[in-house]
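# Chain and residue survey
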Amino acid sequence: MRRFLPYLRYLRAVRGPITKAIVYGVLYGAASGAGIPLLVKYVFPPVFHLQGSLALSTVALIAACIPIVFLLRAVTGYLNGYYTQYAGVRILEQIRTEYFSKLQYLPLSFVQSRQTGDLLSRGLADTQQLQFALSLLANDGIKQPATLVGSLVALGVVAYKSQGAWLMLVCLAAVPLVIFPVRFVGRKVIRRAAQLQAQLGSVTSQFSENLSAAREVRAFGLEQRELGRFATGTRALVAAQMKIAKYAQALTPAIEMISAIGIAGTLIYAYGSGVDETSFLAIIAALYTSYEPVKKIGTLNNELKRGQAALDRLEVVLHEPVTITDPAAPVPVGRLRGDIAFDGVTFAYKIGEPVLREVTIAIPAGTVCALVGPSGAGKSTFVNLVPRFYETVGGHVRIDGHDVRDLRLADLRRNIALVSQEPVLFNDTILANLLLGRADATRPEVEQAARDAFAHDFITALPNGYDTMVGERGASLSGGQRQRLALARAFLRNAPILILDEATSALDSDSEAAIQAALKKLVVGKTVLIIAHRFSTIRDATKILVFDRGEIVATGSHGDLYAANSLYRSLYDRQQGAG
Ligand SMILES: Nc1ncnc2c1ncn2[C@@H]1O[C@H](COP(=O)(O)OP(=O)(O)OP(=O)(O)O)[C@@H](O)[C@H]1O
Ligand SMILES: [Mg+2]
């Protein structure tokens, strides 16, 4: 219970419905807990004791009490259920939104180090489980204790009036005993619930991985292997579910056994003390109605344990610190010039395994700078430090003399246009995808950017032109088309710093040459960092940085490097040979 306290703030947004739910819940509790036993004790007996002497209309009036009590119970129960459900789904909405929002601001490295499916499962299945627990808590958490109190009061009153305090105590004796099975089962459930949610996450991961590798599965004939993996995962899920069922299902019978023993004990005691029949029946009714809420409280306890396990998994994300944030006192900047300087920058994805070592380089504004080097040398990592996607381990990345950590993230990133190594499009129209570059761009500006990226012609050839849907991640387009749209999107941004990570790799030689020409025009006055494996793209760069194993081993123009640097020469010659 204590674990949920911080989350009670979610209740604030649903104050109205929760209050209504509580009021109706208490009325429901009174009507069902006390109403029925009191009917048995006080309302029905005259019908039998005064048999014959009562007018039929009086009997009908007494009989009418039954539907009235049940109507009260039905209406209050319904309203209580409705309002708690409403509050529950609104709470779920808030938890999901908070979780999703957190994922937007967490460092890229956090998201990259986790499986998509697992994060998905936490955001959907675990939030659902938590919501179920919270709704049940809000609902039964009020209704059942109210019912219990109502019926215990009725029980106490009837027993006390019939035979006095001793009978009352005997009747109440068995009720606390049910705490033992409730606690025992609760403890068993929590550990297994954690296993179940984790297993669900693992099955979801596998599912999403499988879908994203649909082509590979078919190409390598992995259908049976994938099916086998999935079957193993879901089998484990069944096992985890049954482990919970084994304990959760035992709870109700255990409580019923205790209540049966309690009722039997009461019968024996009542016989000895000469309790009359109507009182006895009223006591049985009250005992029965008091075990009902106990059973439900036990179930609630189980669901709370499962909710707690889900909450633990959500908190792994919710409590993760957002390490890449705006500084406390950001340097106010507008449009930057685009002077980039790396000053002794060391970076590691994993502690102790540096990927960049003490990199120092100055790239003046307006330079077209090409990055070359073997695969894994650290080129992509280098350019990803400019928009501060990752935090350096040592040294400074500066733009126009400001450490990137001193700028507001939005200010920094507004000044950078990026085409990443695997550009992603959203499942929307081509136009909408291009406008992501700059939301307020006019239609002629969009078309100009598309022309510059040699995308306009293929776009207008599509049946719906700029309104064509691109499919999930741009699946309905070719790799080269996707890349052109990503380029157009970056051109449209018109930022002083342009980063192109293998942005022309999927283009044929003709388009690449054409894009080269467009780039020449576009890059005027901009700082461009370009990673390209085709040397035709980089030969014209003002400055070339040669990367090797996390260091910049040489810089210069193509002519200088070809003459002086053996790594560059061998990379170049190999490329030319291949071409
Ligand atoms: N997200 C990541 N988590 C952990 N290690 C990473 C991550 N991204 C890259 N690396 C590692 O960092 C090193 C540098 O990678 P990087 O992507 O910067 O190379 P690159 O020069 O761009 O190579 P390529 O030419 O193949 O694109 C590699 O050894 C790679 O394994
Ligand atoms: Mg790379």
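All residue numbers refer to positions counted from 1 along the written sequence of the respective chain. Key to labels: chains lettered from A, ligands numbered from 1, both in the order written. Residues qualify for local features only when their pLDDT is at least 70, as the model is predicted, and side-chain atom pairs are given and counted only at 80 or more; totals for whole chains, interfaces and linings, by contrast, use all residues.

## A word on the overall build of the chain
Secondary structure elements are taken from DSSP: a helix is a run of H or I of four residues or more, a strand is a run of E of two residues or more, and numbering for both begins at the N terminus. Within the chain, the secondary structure is distributed over 20 helices and 10 strands. Expressed along its principal axes, the backbone C-alpha trace of the chain runs to roughly 120 × 55 × 50 Å. We call a residue exposed when 12 or fewer other C-beta atoms sit within 10 Å of its C-beta, buried when the count reaches 20 or more, and partly exposed for counts in between; the C-beta positions come from the backbone. Sorting the 579 residues of the chain into buried and exposed places 36% on the buried side. Contacts spanning at least 24 positions in sequence make up 82% of the contacts within the chain whose residues lie at least 6 apart. Here, residues touch in the contact sense if the C-beta positions derived from the backbone fall within 7 Å of one another.

## Let's talk about the sheet that holds strand β6 (residues 416–419)
Strand pairing requires that DSSP identify at least two bridges connecting the strands. Pairing in this open sheet of six strands is mixed, and the strands run β6-β7-β8-β3-β9-β10 from one edge to the other. In this open sheet, the two strands that pair with only one neighbour each are β6 and β10 (551–556). Taken over all neighbouring pairs, the strand axes of this sheet differ in orientation by 15° on average, direction set aside. In this analysis an axis means a line fitted to C-alpha atoms, helices contributing only their contacting stretch, and an angle means the value between N-to-C directions, from 0 to 180 degrees. Across the face of the sheet, helix α16 (residues 479–493) comes into contact with β6 and β7 (497–501) while running at roughly 175° to β6.

## Some remarks on helix α14 (residues 443–452)
Of the positions making up α14, those classed as buried are Val446, Ala449, Ala450 and Asp452. Projected onto a plane normal to the axis of α14, the buried residues spread over an arc of 160° and lie on a single side. Pointing more than 90 degrees away from the buried face of α14 are the exposed residues Arg443 and Pro444. Residues of α14 that are buried in the fold lie against α13 (430–435), α15 (456–461), α16 and α17 (509–522). Positive phi shows up at Phe454, right after α14, with a value of about 55°. Note: the arc covers the axis-to-C-beta directions of the helix.

## Comments concerning the domain arrangement of the chain
Start and end points for every domain follow an automatic or database-based domain assignment. Once the domains are mapped, the chain shows domain 1 (2–318) and domain 2 (340–578). Each of domain 1 and domain 2 has a C-alpha centre, and the two are 56 Å apart.

## Observations regarding the packing of helix α5 (residues 116–163) against helix α7 (residues 179–212)
Direction vectors running N to C along α5 and α7 enclose 135°, while the axes themselves pass 7 Å from each other. In terms of orientation, α5 lies oblique with respect to α7. Between α5 and α7 the crossing geometry is right-handed. Residues Thr116, Gly117, Asp118, Leu120, Ser121, Arg122, Ala125, Asp126 and Gln129 of α5 touch α7, and the partners they reach there are Gln197, Leu200, Gly201, Thr204, Ser205, Gln206, Phe207, Ser208 and Glu209. Per-class residue counts for the contact of α5 with α7 are four nonpolar, 10 polar and four charged. If an angle is under 35 degrees, it is roughly parallel; if it is over 145, roughly antiparallel; if it lies from 65 to 115, roughly perpendicular; otherwise it is oblique. Two helices cross in a left-handed way if the nearer one is turned anticlockwise from the farther one by less than a right angle. They cross in a right-handed way if the turn is clockwise. Asp, Glu, Lys and Arg are counted as charged, while Ala, Val, Leu, Ile, Met, Phe, Trp, Tyr, Cys and Pro are counted as nonpolar; the rest, among them Gly, fall into the polar class.

## Examining the nonpolar core
One broad rule of soluble globular proteins: the nonpolar side chains tend to lie buried together. In terms of nonpolar packing, the biggest core is built from 69 residues, with Ala453, Leu487, Ala488, Ile499 and Ile530 touching the most fellow members. Sequence-distant contacts of Leu487, that is, excluding residues within four places in its chain, are made with Val419, Ala453, Ala503 and Ile515. Think of a nonpolar core as buried Ala, Val, Leu, Ile, Met, Phe, Trp, Tyr and Cys residues, each tied to the set through C-beta atoms within 7 Å. One finds Val158, Val294, Ala309 and Leu314 within the second-largest nonpolar core, a separate group that totals 59 residues.

## Let's talk about the sheet that holds strand β1 (residues 340–350)
If you walk across this open sheet you meet the four strands as β2-β1-β4-β5, and the pairing is antiparallel. Strands at the two margins of the open sheet, each flanked by one partner only, are β2 (353–363) and β5 (402–403). Here strand β4 (residues 394–399) runs beside β5; their pairing, made up of two bridges, is antiparallel. The residue bridging Arg398 from the neighbouring strand is Asp403, located in β5.

## Looking at the site of ligand 1
The criterion for a residue being near a molecule or strand is a backbone-placed C-beta atom within 6 Å of that molecule or strand. Surveying the vicinity of ligand 1 reveals the residues Gln112, Tyr349, Val355, Gly373, Ser375, Gly376, Ala377, Gly378, Lys379, Ser380 and Thr381. A total of three residues in the shell around ligand 1 trace back to one element, the largest contributor, which is helix α11 (residues 379–385). Partitioning the shell around ligand 1 into residue classes produces three nonpolar, seven polar and one charged.

## Section: the pairing of strand β8 (residues 527–531)
Burial of β8 is extensive: five of the five residues sit out of reach of the surface. Covered by surrounding structure in β8 are Thr527, Leu529 and Ile531 together with Val528 and Ile530, the residues of both alternating faces. With four bridges joining them, strand β3 (residues 368–372) and β8 adopt parallel strand pairing. Considered in β8, the bridge of Cys369 is made with Leu529. Here β7 runs beside β8; their pairing, made up of five bridges, is parallel. Following the sheet pairing, Leu500 is matched in β8 by Ile530.

## A look at α16
Multiply 1.5 Å by the residue count of a helix minus one, and that product is the helix's expected span. With 15 residues, α16 should cover 21 Å at 1.5 Å per step; its first-to-last C-alpha distance of 21 Å lies within 8% of that length. Along α16, the residues that are buried comprise Gln481, Arg482, Gln483, Arg484, Leu485, Ala486, Leu487, Ala488, Arg489, Ala490, Phe491 and Leu492. After α16 finishes, the residue Asn494 shows a positive phi value of roughly 55°.

## Describing the packing of helix α3 (residues 56–105) against helix α10 (residues 277–318)
Between α3 and α10, the shortest axis-to-axis distance is 9 Å and the interhelical angle comes to 35°. When α3 is examined against α10, the residues Glu98, Tyr99, Lys102 and Leu103 are found in contact with a partner set consisting of Leu314, Val317 and Leu318. Looking at the contact of α3 with α10 residue by residue, the class counts come to five nonpolar, no polar and two charged.

## Comments concerning the environment of Arg3
Among the secondary structure elements, Arg3 is positioned in the segment before α1 (15–43). With 12 C-beta atoms counted inside 10 Å, the residue Arg3 sits in the exposed group. Beyond its immediate chain neighbours, meaning those up to four positions away, Arg3 contacts Gln308 and Leu311.

## Describing unusual backbone geometry
Trans is the prevailing form of peptide bonds, just as negative phi is the prevailing case for residues other than glycine. Within the chain, Glu358 stands out as a residue other than glycine whose phi angle is a positive 45°. Here Glu358 is to be found in strand β2. Residue Glu358 is classed as partly exposed on the basis of its C-beta count, with 15 C-beta atoms lying within 10 Å. Unusually for a residue other than glycine, Phe454 sits at a positive phi of about 55°. Inspection of the secondary structure assignment puts Phe454 in the loop between α14 and α15.

## Topic: the pairing of β1
Note that β1 and β2 share seven bridges and pair antiparallel. Looking at β2, one finds that Ala348 is bridged to Pro354. Connecting the antiparallel pair β1 and β2 is a turn made up of two residues, with Gly352 showing a positive phi of about 85°.

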